[in-house]
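The residues making up each chain are set out below.
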Amino acid sequence: MIYALQVELTRKDLDNIRRKITKQNVVFSDKRFLDSLFLPSNIIGRKNEAEQFLAHIESARHGLVVPLVSVYGRSGSGKSTLIKFVCQNITDIASFAFVNLRKSKTIFGCANLILSELGAALLKSAEGLNKVVDKIGESIENTLALENKKLFLLVMDEYDVIFSDVRGKPSDFVYKLLTLEENLREKGLMLCIITISNNALIDYDLDDRVKSRMGNSEVFFAPYSKDNVLGILHDRADKAFSKKVDDEVLQYCAELSSSDHGDARRALDLLRLSGELCDGKKIQESMDIVQKVPAPYHNIAFEVVLTYLLFTERNVPTAKQHKPESTPTVTRFEVQSESYQIQTLSYLHTLKT
Ligand SMILES: Nc1ncnc2c1ncn2[C@@H]1O[C@H](COP(=O)(O)OP(=O)(O)O)[C@@H](O)[C@H]1O
Ligand SMILES: [Mg+2]
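Residues numbered from 1 in each chain as written. Chains lettered and ligands numbered in written order. Predicted model: local features only at pLDDT ≥ 70, side-chain atom pairs only at ≥ 80, totals over all residues.

A. Spotlight on the overall build of the protein. On a plain count of helices and strands, the protein comes out with 14 helices and five strands. Put simply, 76% of the contacts in the protein that link residues at least 6 apart link residues at least 24 apart. (Helix = DSSP H or I, 4+ residues; strand = E, 2+ residues; numbered from the N terminus. Contact = placed C-beta atoms within 7 Å.)

Quick look at the structure:
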C-alpha cells in the first residue's frame, strides 16, 4: 500500500505565511474602514431619508408616534447604517435597541435575540413566545424608567428573516409586538417598532388584522447612484489605505457595483478584496488567475482582479477588453452575496499561492 507523504507544517512555514499575509495588507493603513459592519461617524448623503424617518420619531414630542415604521430598500443602500446612526444621535428623546435578526432562524429565536439585546436572560422555547414578548415589554419599561424617557425605538434589522421560519407564524409575532405597543401606550409610554427589510413590510404575507393595525409608515431607500457610491468610496479609501488610491480605481469600483443596483457594500468589498490582491502581481499573471477560477465564480473574480489591476497597472482599457462575452450578469450578488464573495476570494488566494 502506498501512503501519501505527510507534509509537516513548520515554524518557518508559519513565518512565511505570516509574511505573505503582511505583504497582502501592506496597502492598508486601517482596514476597519472597509469593514461592512463599520459604523461611519459621517454619513454621505441620505438627508431625505433621515428627515422622513425623523418626522415619524419626532412626533413623540407631541405625544404620539406611529406604532411601526417599515424601512426598506435593496441591499447596500445604507439602511442599517443610517438608522443606527440616527438612533445613536437622538438619545435625548429616545432609548433604543438595534437587533439584527439574521442571527436567528426562528421567530422564537428572534424574540430571544431582542430580549438579550435588552440585557435580559434568554428563555427556553418551552416557555413560549407570549412569555418572551411579555419579558421584552418589562425590559423596555425598566429601561425607560432607568433612563427617564417616554419613547423606546425597537429596531429589528433584516426583519424578513421571520418569514422564512416555516413552522412559525410571522403574523402572530407582529401582532404580539403591536399589542405590546398598545399596552405600553396605555401606561403613558411610547414604543415605535422599526423594521428594516428589502421589501416594504406591507408586501409580505401578513394577516389583514395585522396590516390594518400597523399602518403604512414607510421610509424607502432608493439604490445609490454611481456618484453616491463614489462619494462613499472616496471617504473610506482616504482613511483605509496607506497611500492615496487612484481615482480611476474608485471610479471603476463604483461603476461595477452600480451595474445592477447601487450597492455600497459591494463597492467597499470590491475595494478591499482588490487591495488584498494587490501585492505586486503583473497583468498577465492576474489574467491567468481569472482563467483558472471555476465558471460560477468567474464574474466576481474578474471584477476583483480588474480592480486590482487598476492598482498596479495603468492599462485600464486593455484590462476591460479581456472581459469574456459569456460573463453572467446581474442577480449574482442578490443572494448570499457575502458568502459568495468569501468563497471566491479564498479561491483566488488558493490559486495565487
Ligand atoms: N450614506 C453612507 N455613508 C457612508 N457609508 C455608507 C453609506 N451607505 C452605506 N454605507 C456603507 O456601505 C455598507 C453597506 O451599508 P448598509 O447600511 O449595511 O446597507 P443595507 O443595510 O442597506 O444593506 C456599510 O459598510 C456602510 O458603512
Ligand atoms: Mg442592512
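B. Molecular detail of the sheet that holds strand β4 (residues 190–197). Spatially, the five strands line up as an open sheet ordered β2-β3-β4-β1-β5, and their pairing is parallel. Edge positions in the sheet fall to β2 (94–100) and β5 (217–221), since each has one partner strand and no second. The sheet shows a mean angle of 15 degrees between the axes of neighbouring strands, direction not considered. Across six bridges, the pairing between strand β3 (residues 151–157) and β4 is parallel. Directly across from Leu154, in β4, lies its bridge partner Ile193. Across the face of the sheet, helix α2 (residues 47–58) comes into contact with β1 (68–73), β2, β3, β4 and β5 while running at roughly 165 degrees to β5. Running at roughly 135 degrees to β2, helix α4 (residues 107–117) makes contact with β2 and β3 of the sheet. (Pairing = 2+ DSSP bridges. Axes fitted to C-alpha atoms, helices over the stretch in contact; angles between N-to-C directions.)

C. Spotlight on the site of ligand 1. Close to ligand 1 lie 19 residues; Gly78, Lys79, Ser80, Thr81 and Ala264 are nearest. If you list the elements that add at least two residues to the shell around ligand 1, you get α3 (79–88) and α10 (264–277). Each residue belonging to the shell around ligand 1 can be placed in one class, and the counts come to seven nonpolar, nine polar and three charged. Domain assignment of the residues forming the shell around ligand 1 places at least three in each of domain 1 (47–221) and domain 2 (225–352). (Near = placed C-beta within 6 Å. Nonpolar A, V, L, I, M, F, W, Y, C, P; charged D, E, K, R; others polar. Domains from an automatic or database assignment.)

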